[in-house]
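# Geometric and topological summary
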Amino acid sequence: MEIKNTVQGLCQKFNTANPYQLADNLGIRIYYYDLGTIRGYYYKAFNIKQIVLHNGLAEHIEKFVLAHEIGHSVMHPDCNTPFLQSTFYSVDKLEIQANKFAAELIIQDIELMEHWDYTIAQWAAFYGLPREIIELRLK
């Protein structure tokens, strides 16, 4: 599955790149709980897609985590993710795919073109994300 095409298709279909609106349009329920060190997870129960987010995340991190979990719901719809490692630096294939999905959704091509001269460090500061996520998006 070509992740970039999947993200672009969803954005076009629903006319938004906003992960909150995408979740709503996809019928995904979002819940907030104190998850300790876990940022969030996706699961499907009784055919209902659900995302649980830690209620103490900074806004820019919450947006990325939501996009990441939407990635799971789209690319791995029947694979519940609470057991997966909750880190930006995972080597797990499913987690890397979800990170790539989130990076494609959050960092739009138009912004890359408008600020083509930014360094990876500048992009990381602009989005408040680790440089590894920026590097994943630019690959």
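Residues numbered from 1 in each chain as written. Predicted model: local features only at pLDDT ≥ 70, side-chain atom pairs only at ≥ 80, totals over all residues. Heavy atoms only, no water.

### Examining the packing of aromatic side chains
What the rule picks out here adds up to six aromatic pairs. Relative to Trp123, the ring of Tyr118 has its centre 4.8 Å away and its plane inclined at 50 degrees; by these criteria the two rings are tilted. We classify Tyr118 as partly exposed; its relative accessible area is 27%. Relative to Tyr127, the ring of Phe126 lies with its centre 4.8 Å away and its plane at 85 degrees, an arrangement referred to as edge-to-face. You can call Phe126 partly exposed: its relative accessible area is 45%. The exposure class of Tyr127 is buried, given its relative accessible area of 11%. (Phe/Tyr/Trp six-rings, centres within 6.5 Å; stacked < 30°, edge-to-face > 60°. Buried < 20%, exposed > 50% of the residue type's maximum accessible area, 1.4 Å probe, protein only.)

### Quick word on helix H6 (residues 120-127)
The set of residues buried in H6 consists of Trp123, Ala124 and Tyr127. Along H6, the residues classed as buried sweep out an arc of 100 degrees about the axis, all on the same side. Positive backbone phi, approximately 70 degrees, marks Gly128, located one or two places after H6. (Helix = DSSP H or I, 4+ residues; strand = E, 2+ residues; numbered from the N terminus. Arc of directions from axis to C-beta.)

### Side note on the environment of Asp34
By the element assignment, Asp34 lies in the loop between strand S1 (29-33) and strand S2 (40-45). For Asp34, a relative accessible area of 59% puts it in the exposed group. As for Asp34 and Ala102, which are separated by 68 residues in sequence, their C-alpha atoms are 22 Å apart. Here Gly36 takes part through its backbone nitrogen, which lies 3.0 Å from a polar atom of the side chain of Asp34. (Polar contact = N/O pair within 3.5 Å; in protein donor to acceptor, adjacent residues only side chain to side chain.)

### Some thoughts on the confidence of the model for the protein chain
Per-residue confidence for the protein chain gives a mean pLDDT of 89; residues scoring 70 or more make up 91%. Element-level mean pLDDT values for the protein chain span from 87 in helix H5 (residues 109-114) up to 98 in helix H2 (residues 19-25). (pLDDT = per-residue confidence, 0-100.)

### Some words on the pattern of salt bridges
With the rule as written, the count across this model stands at seven salt bridges. Here Lys4 makes a salt bridge to Glu104, at a shortest N to O gap of 3.3 Å. Pair noted here: Lys4 is in helix H1 (residues 3-14) and Glu104 is in helix H4 (residues 93-106), with a separation of 100 residues, a long-range link. The partner of Glu104 in a salt bridge is Arg137, with the nearest N and O atoms 3.5 Å apart. Taken together, the residues span a long stretch of sequence, with Glu104 in helix H4 and Arg137 in helix H7 (residues 131-138) at a distance of 33 residues. Here the two residues Glu104 and Arg137 agree in accessibility, since each one is buried. One continuous salt-bridge network, built from bridges that share partners, spans Lys4, Lys100, Glu104, Asp109 and Arg137. (Salt bridge = Lys/Arg side-chain N within 4 Å of Asp/Glu carboxyl O.)

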